[in-house]
Amino acid sequence: MLATHSSRLMSFIRIITMNRHNDAEDVYQRTCIVLWQKFSDFDGENFFAWACGIARYEMLKLRDSQKRVKVFDDETIEYLSSDAYLVAQDVCDRRTALSSCLNKLPIADREMIRRRYYDELSVKEIAEHVGRSTYAIYRELSRIHGSLSRCIERTLAEEV
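Residues numbered from 1 in each chain as written. Predicted model: local features only at pLDDT ≥ 70, side-chain atom pairs only at ≥ 80, totals over all residues. Heavy atoms only, no water.

Asker: Looking at this structure, I do not really get the nonpolar core. What am I missing?
Answerer: Across soluble globular proteins, you tend to see nonpolar side chains buried next to one another. Among the nonpolar cores identified, the biggest contains 24 residues, and Leu9, Phe12 and Ile13 are the most heavily contacted of them. Within the residue set of this core, elements represented by two or more residues are helix 1 (2–16), helix 2 (21–37), helix 3 (47–66) and helix 4 (74–104). The element contributing the most residues to this core is helix 3, with nine residues. Apart from the residues within four sequence positions on either side, Leu9 is in contact with Leu2, Tyr28, Thr31, Leu35, Phe48, Ala51, Cys52 and Ala55. (Core = buried A, V, L, I, M, F, W, Y, C linked by side-chain atoms within 4.5 Å. Buried < 20%, exposed > 50% of the residue type's maximum accessible area, 1.4 Å probe, protein only. Helix = DSSP H or I, 4+ residues; strand = E, 2+ residues; numbered from the N terminus. Contact = heavy atoms within 4.5 Å.)

Asker: So what exactly am I meant to see when it comes to the confidence of the model for the protein here?
Answerer: When the pLDDT values of the protein are averaged, the result is 86; 95% of them are 70 or greater. Across the protein, the secondary-structure element scoring lowest on mean pLDDT is helix 4, at 80, and the one scoring highest is helix 6 (residues 123–130), at 94. (pLDDT = per-residue confidence, 0-100.)

Asker: Sorry if this is basic, but what is going on with the state of the cysteines here?
Answerer: Two cysteines, two sulfur atoms, one covalent bond between them: this is a disulfide. Per the stated rule, a full pass over the model turns up one disulfide. Between the sulfur of Cys101 and that of Cys151 lies a disulfide, 2.1 Å long from S to S. Between Cys101 and Cys151, the S-S torsion sits near -85°, and that sign places the bridge as left-handed. One end of the pair, Cys101, is in helix 4; the other, Cys151, is in helix 7 (residues 134–159), with 50 residues separating them in the sequence. An identical accessibility class is assigned to Cys101 and Cys151; each is buried. Cys32 takes part in no disulfide bond, and the closest cysteine sulfur, belonging to Cys52, lies 12 Å away. (Disulfide = S-S within 2.5 Å.)

Asker: It is not clear to me how unusual backbone geometry should be interpreted in this structure. Could you clarify?
Answerer: Positive phi is not limited to glycine here, since Glu120 has a value of about 60°. Mapped onto the elements of the fold, Glu120 is located in the loop between helix 5 (107–118) and helix 6. A relative accessible area of 64% places Glu120 in the exposed class.

Asker: So what exactly am I meant to see when it comes to helix 5 here?
Answerer: Because each turn of an α-helix spans 3.6 residues, side chains separated by three or four positions end up pointing in the same direction. Looking at helix 5, one finds that the buried residues are Asp109, Met112, Ile113 and Arg115. For helix 5, the arc enclosing every buried residue in end-on projection is 160°, short of the 170-degree limit, so these residues lie on one face. The exposed set on the far side of helix 5, more than 90 degrees from its buried face, consists of Ile107 and Tyr118. Looking at the buried side of helix 5, the elements it contacts are helix 4, helix 6 and helix 7. Positive phi appears at Glu120, one or two residues downstream of helix 5, with a value of about 60°. (Arc of directions from axis to C-beta.)

Asker: Explanation requested: the packing of aromatic side chains in the structure shown.
Answerer: We describe a pair of aromatic rings using the distance from one ring centre to the other and the angle between the two ring planes. Inspection of the entire model under this criterion finds four aromatic pairs. Between Phe42 and Trp50, the aromatic rings sit 5.1 Å apart at their centres with planes inclined by 35°, giving tilted as the arrangement. What links up through ring pairs into an aromatic cluster is the set Phe39, Phe42, Phe47 and Trp50. Cation over ring: Arg8 sits above Phe48, and NZ or CZ is 4.2 Å from the ring centre. The cationic tip of Arg116 hangs over the ring face of Tyr117; the distance from NZ or CZ to the ring centre is 5.6 Å. (Phe/Tyr/Trp six-rings, centres within 6.5 Å; stacked < 30°, edge-to-face > 60°. Lys NZ or Arg CZ within 6 Å of the ring centre and 35° of its normal.)

Here's what the structure looks like:
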């Protein structure tokens, strides 16, 4: 169950830790330990919600142990946690839809996306590699982004 929900759980944790990488990693590790230790308490209903509740408590404990200035009080964190749960779910759904939509792209478009985002090449480097202008590459990426955006929205609408 943790493997199924790990990316959504980490998205949730990043939101409630305000994307502080070290804090997010600490909270994730502590949450995994508690999930393992208390799995017998799990009612079998909604693992993700249960895990998010534990993560929220682990984040509060971490914050208290570090004696940081408390930017938000506990009530505000509770409020943010409920919204973070919804956002994390949406991020995971969008990531899944993006993966599906990337696989539907023509090979040339997938190659362009691979070079730009997986190989982390600059637009100038891509343009030099394929012998086109940077303007042409920007236009091509913009067209692909639009196509992916429409595909993601269609995919998410079909799931509702």
